[in-house]
Amino acid sequence: MGNSLFRFLCGKFSESTPIDEPQSFGPHGDTGVSALARDIFHFEITSQVPEALSQSVVSSKKAQANWYRKLLVAWREAKPPPTTPEEASRLVIRTLKRHQKADVEGLLAYYGLPLRNTLPEIPAAQPSKPEGAKDELQTLPVDAKAVADGDTITVYVDTADPRESAKVPRGVHEAAIDRARARAVKDYKKADALQKVITDAGYRVIAGPNNEEIVARKYRIRLRGIDAPESSMPFGKEAKEELVKLVQGKRLKVYVFGDDLYGRCVGDIYCNGVFVQEQMLKRGLAWHYVGYDQRPELARWENDARAARVGLWASSHPEKPWEWRKARRNGA
């Protein structure tokens, strides 16, 4: 079966490993924040703790289950969930502060997390996201087919990402585990039915960079602050092609500021530190959507492209996309 079980849900199994046995994501698998997150949410589904954990702690399996129950609540209540080893260590230490020191330190060591005496002092608080941003997404590599036009793109986020893991519905957890079990015994009809459950919930099982299966959440992103020509408008094709060049095969950072009327996330997209909206405006392949975004830098980048007569600004009177759409709605 290889890596057919999802890294987020069930770790890595070999063909000789019974699928119902509790799995270890600690020293025998990967370590750190994602390993701890997977074990916590695996516990929620199975009520099982990692088999090898007892080698690192002194308390019983019953006590260990109590730890994971507390950690599950703390992880879900954390806003945002831990994303670094230091943050995960502090959550464990804070949640299990009344438990034996040997158990807490053993649990941290099991996941390769820093011990209390090695944690650095917490620096002065700094904003983790731009002002007004409600969420941050770190995407999987983008496929060219995911680009709908010059200002809309579909992305997928690995549910192993600690920022995403706490959002996954229990039903998706269960469907993913049951699907893996069905595939293990070659019950593909059942696996396909469970795949539909996962897809209908807004998730998808996709192949990772090493051909492992990844449970990922689907997001449709509307690029904030710009409006590109529609596909059937002049320069619509060029705008889409340019966006494909900017994002294809790359992991993106998306700051989400809200949703639009069509259920898309409205966000700023960065690719290897490059602000995608800036590039689209500077290349004359999008308008500053001033009715929804008054950032002066967007206006400046559009004006620079106008002055240079690049892209759609090569035309003396290019039609505004929002006016084009309004005319079509009115039957023009």
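The following refers to the structure shown. (Residues numbered from 1 in each chain as written. Predicted model: local features only at pLDDT ≥ 70, side-chain atom pairs only at ≥ 80, totals over all residues. Heavy atoms only, no water.)

1. Quick word on helix α8 (residues 236-247)
With 12 residues, α8 extends 17 Å between its outermost C-alpha atoms, agreeing within 8% with the 16 Å of an ideal straight helix rising 1.5 Å per residue. Within the sequence span of α8, burial applies to G236, A239, E242, L243, V244, L246 and V247. Residues of α8 that are buried in the fold lie against β2 (147-149), β3 (152-158), β5 (213-223), β7 (252-259), β8 (265-271) and α9 (276-282). The positive-phi residue at the C-terminal boundary of α8 is G249, with phi of around 75°. (Helix = DSSP H or I, 4+ residues; strand = E, 2+ residues; numbered from the N terminus. Expected span 1.5 Å × (residues − 1). Buried < 20%, exposed > 50% of the residue type's maximum accessible area, 1.4 Å probe, protein only. Contact = heavy atoms within 4.5 Å.)

2. Concerning the packing of helix α3 (residues 85-95) against helix α4 (residues 101-110)
Viewed as axis vectors pointing N to C, α3 and α4 meet at an angle of 155°, and their least axial separation amounts to 10 Å. Regarding the angle of α3 to α4, the classification is roughly antiparallel. The handedness of the crossing between α3 and α4 is right-handed. Of the residues in α4, those in contact with S89, V92 and I93 of α3 are V104, L107 and L108. For the contact of α3 with α4, the per-class residue count stands at five nonpolar, one polar and no charged. (Axes fitted to C-alpha atoms, helices over the stretch in contact; angles between N-to-C directions. Parallel < 35°, antiparallel > 145°, perpendicular 65-115°, else oblique. Left-handed = near helix turned anticlockwise from the far one by under 90°. Nonpolar A, V, L, I, M, F, W, Y, C, P; charged D, E, K, R; others polar.)

3. Points about the packing of aromatic side chains
Applying the stated criterion across every chain, the model contains nine aromatic pairs. When the ring of Y110 is compared with that of Y111, the centres are 4.9 Å apart and the planes differ by 85°; the resulting orientation is edge-to-face. Per residue, the accessibility class of Y110 equals that of Y111, and both read buried. Every member of this aromatic cluster is reached through a ring pair, and the members are W287, Y289, Y292, W313 and W322. (Phe/Tyr/Trp six-rings, centres within 6.5 Å; stacked < 30°, edge-to-face > 60°.)

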